[in-house]
Amino acid sequence: MTATTDSPSPSRTVLDMITGAWRTQALHTAVRLEVPDRIAAGTTAPDAIAEQAGADPAGVRRLLRLLADLGVLEHDGRGGYRNTPVSELLRDRPGSLRDMCLLYGDEFYKAWEHAADVVAGSGAPGFERAYGRPLITYLSQDEEAAARFQRAMQAGHFFFDRLAEAVDFSGACVVDVAGGSGGLLAAVLDRHPGARGLLIDLDHMVPIAQATLEEAIGAGRAEAIAGDVFESVPSGGDVYLLSRLLGDWDDAACVRLLDNCRRAAPADGRILVLERVVGKGEDPELASLWDLHLLMMNGGGQRTLDQFRGLADAAGLRVERLIPLPMGNACIELRPARGRTAP
Ligand SMILES: Nc1ncnc2c1ncn2[C@@H]1O[C@H](CSCC[C@H]([NH3+])C(=O)O)[C@@H](O)[C@H]1O
């Protein structure tokens, strides 16, 4: 039997994987030179793009040729290039993946350089090795990087709308625990006009979240407040969201967070954990990739459903169901375990 033409040979697979870093950097360079924005604004010839960007024309010509071969750009038949749906996603405008591209090609890239040492188990996460301090300290010391990080988190919104569709939030008071810039809560409240929201995060995130919520749903239906979710979580909610939070923390911290939510929730309350679940979801490869990514960033990781069951159990909760969401994400619905009441 001969190999089918649509499955690449093992050697081609290796070549594709070992050149992955080059692809990351090619895309990163194009975004730094604002190539998709320049093309959208009508500058399509490589030399003109190079001149505007203050870059070397020969280098830009070769970069654009590669990007066309990768399907990021298209030849326009006149010696220039036009955007594709991929490069359109990298333009500097709301909803763009540009900030993700910048972060993954720079800070995150440098953190991954230390993968072998991190996996060997010799000490600090990759980010700390690269930057001499933990990611959270780095972000608190560099306002521009922090803003870029928040925009990148916001851009990774692939499951927000789908969650708002898949789960019934009608009439609910939704508490977004460590809700970040507020994009998820805004999507939920936008879809469910009868629901109200409360977002809790660290001090510096509150104005950002408030602005997102006001812009998306107007004033009055949602509030953002400052607080430490490891201390306590506001009571009075019907649904508690923990989105992209547990992956940053070890088991003991996660149990504490879940326990705080259980104490705050009514007996029929719901706690929704949004994470990539290893071995589950529409795209299991992404969960494994982000599992290692979190290990590089801060020593965290993604968990299996059984591991989430263990955390839930230790916090007096039970897993009710798992809803697969786009891009390898999932929503795990937890409920207070029968017979357990606060505290
Ligand atoms: N002790 C803490 N109390 C409240 N928020 C925290 C704490 N530690 C970290 N955070 C926040 O946890 C968030 C993790 S990023 C996830 C943000 C959001 N849930 C989303 O899915 O987009 C960041 O916004 C941090 O500021």
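So, here's what we can say about the structure. Only a predicted model underlies this, so the values are computations on that prediction, with no experimental measurement involved.

A few points about a nonpolar patch on the surface
Residues V14, L15 and I18 make up a contiguous nonpolar surface patch of about 290 Å² in total accessible area. By secondary structure assignment, the location of I18 is in helix 1 (residues 10-18).

Here we look at the pattern of salt bridges
Taken as a whole and assessed by the stated rule, the structure comprises 20 salt bridges. Residues R151 and D99 are paired through a salt bridge, measuring 3.0 Å at the closest nitrogen-oxygen approach. Remark: D99 occurs in helix 7 (residues 98-105) and R151 occurs in helix 12 (residues 143-155); sequence separation between them is 52 residues. Residue classification places R151 among the partly exposed positions, given a relative accessible area of 44%. Notably, a salt bridge pairs D259 with R263, separated by 2.9 Å at the nearest N-O pair. Of this pair, D259 and R263 are both found in helix 16 (residues 251-264), 4 residues apart, which corresponds to roughly one turn of the helix.

Side note on the site of the ligand
If you check the shell around the ligand, you find 14 residues, and the closest are A178, D201, D228, S243 and R244. Contacts to the ligand include G227, whose backbone N or O atom sits 3.4 Å from a nitrogen atom. Within the contact set of the ligand, an oxygen atom lies 2.9 Å away from a side-chain nitrogen or oxygen of R244. Protein contact buries 90% of the 570 Å² of open area that the ligand shows by itself.

So, helix 12
Between its terminal C-alpha atoms helix 12 stretches 18 Å, which fits the 18 Å expected from 13 residues at 1.5 Å a residue. Within the span of helix 12, buried status applies to A145, A146, R148, F149, Q150, A152 and A155. Packed against the buried residues of helix 12 are helix 7, helix 8 (107-112) and helix 11 (135-141). Between a side-chain oxygen at the N-terminus of helix 12 and the backbone nitrogen of E144 the separation is 3.1 Å; the capping residue is D142.

Some words on the packing of helix 2 (residues 20-32) against helix 7
Direction vectors running N to C along helix 2 and helix 7 enclose 125 degrees, while the axes themselves pass 9 Å from each other. By the angle between their axes, helix 2 is oblique relative to helix 7. Along this stretch, helix 2 crosses helix 7, giving a crossing that reads as left-handed. Across from T24, Q25, L27, H28, V31 and R32 in helix 2, the residues of helix 7 making contact are R98, C101, L102, Y104 and G105. Class assignment for the residues of the contact of helix 2 with helix 7 results in 5 nonpolar, 4 polar and 2 charged.

Description of the side chain of R262
Turning to its location among the elements, R262 is positioned in helix 16. Of note is the side chain of R262, whose polar atom sits 2.8 Å from the side chain of D259. A distance of 2.8 Å separates a polar atom in the side chain of R262 from the backbone oxygen of A315.

Some details on the nonpolar core
Nonpolar side chains in soluble globular proteins tend to be buried together. Residues V177, Y240, L242, L246, L258, I271 and L334 are the most contacted members of the largest nonpolar core, which totals 31 residues. For this core, the secondary structure elements donating two or more residues are strand 3 (173-177), strand 4 (196-201), strand 6 (239-243), helix 16, strand 7 (270-278), helix 18 (305-314) and strand 10 (329-336). For this core, the leading source of residues is helix 16, giving 7 residues. Those residues in contact with L258 that sit more than four places away from it in its chain are L246, I271, V273, L311, A312, A315, L317 and L334. Listed in part, the 29 residues of the second largest apolar core include L163, V188, L272 and I323.

As for helix 2
The terminal C-alpha atoms of helix 2 lie 18 Å apart, and with 13 residues this matches the ideal 18 Å at 1.5 Å per residue to within 8%. For helix 2, the set of buried residues is A26, H28, A30 and V31. Taken together, the buried residues of helix 2 touch helix 3 (35-40), helix 5 (57-69) and helix 7. Just past helix 2, the residue E34 takes up positive phi, approximately 60 degrees.

Re the packing of aromatic side chains
Applying the stated criterion across every chain, the model contains 8 aromatic pairs. Judged by centre distance (4.7 Å) and plane angle (70 degrees), the ring pair of F230 and W249 falls under edge-to-face. One end of the pair, F230, is in the loop between strand 5 (222-226) and strand 6; the other, W249, is in the loop between strand 6 and helix 16, and 19 residues separate them in sequence. Exposure remark for F230: the relative accessible area of 17% places this residue in the buried category.

Side note on unusual backbone geometry
The backbone of A178 sits at a positive phi, close to 55 degrees, despite the residue not being glycine. Structurally, A178 can be placed in the loop between strand 3 and helix 14 (183-191).

Considerations on the packing of helix 16 against helix 18
The N-to-C vectors of helix 16 and helix 18 enclose an angle of 55 degrees; their axes lie 8 Å apart at closest approach. Judged on the interaxial angle alone, helix 18 and helix 16 are oblique. In this structure, the crossing between helix 16 and helix 18 has a hand that is right-handed. Counted together, D251, C254, V255 and L258 of helix 16 and L311, A312 and A314 of helix 18 form the full contact between these two elements.

Parameters and conventions
Residues numbered from 1 in each chain as written. Predicted model: local features only at pLDDT ≥ 70, side-chain atom pairs only at ≥ 80, totals over all residues. Heavy atoms only, no water. Patch = residues over 30% accessible without salt bridge, like charges linked within 9 Å, V, L, I, M, F, W, Y side chains within 5 Å. Areas by Shrake-Rupley, 256 points an atom, 1.4 Å probe, with all protein chains shown as cover. Salt bridge = Lys/Arg side-chain N within 4 Å of Asp/Glu carboxyl O. Helix = DSSP H or I, 4+ residues; strand = E, 2+ residues; numbered from the N terminus. Buried < 20%, exposed > 50% of the residue type's maximum accessible area, 1.4 Å probe, protein only. Near = heavy atom within 4 Å. Polar contact = N/O pair within 3.5 Å; in protein donor to acceptor, adjacent residues only side chain to side chain. Expected span 1.5 Å × (residues − 1). Contact = heavy atoms within 4.5 Å. Axes fitted to C-alpha atoms, helices over the stretch in contact; angles between N-to-C directions. Parallel < 35°, antiparallel > 145°, perpendicular 65-115°, else oblique. Left-handed = near helix turned anticlockwise from the far one by under 90°. Nonpolar A, V, L, I, M, F, W, Y, C, P; charged D, E, K, R; others polar. Core = buried A, V, L, I, M, F, W, Y, C linked by side-chain atoms within 4.5 Å. Phe/Tyr/Trp six-rings, centres within 6.5 Å; stacked < 30°, edge-to-face > 60°.

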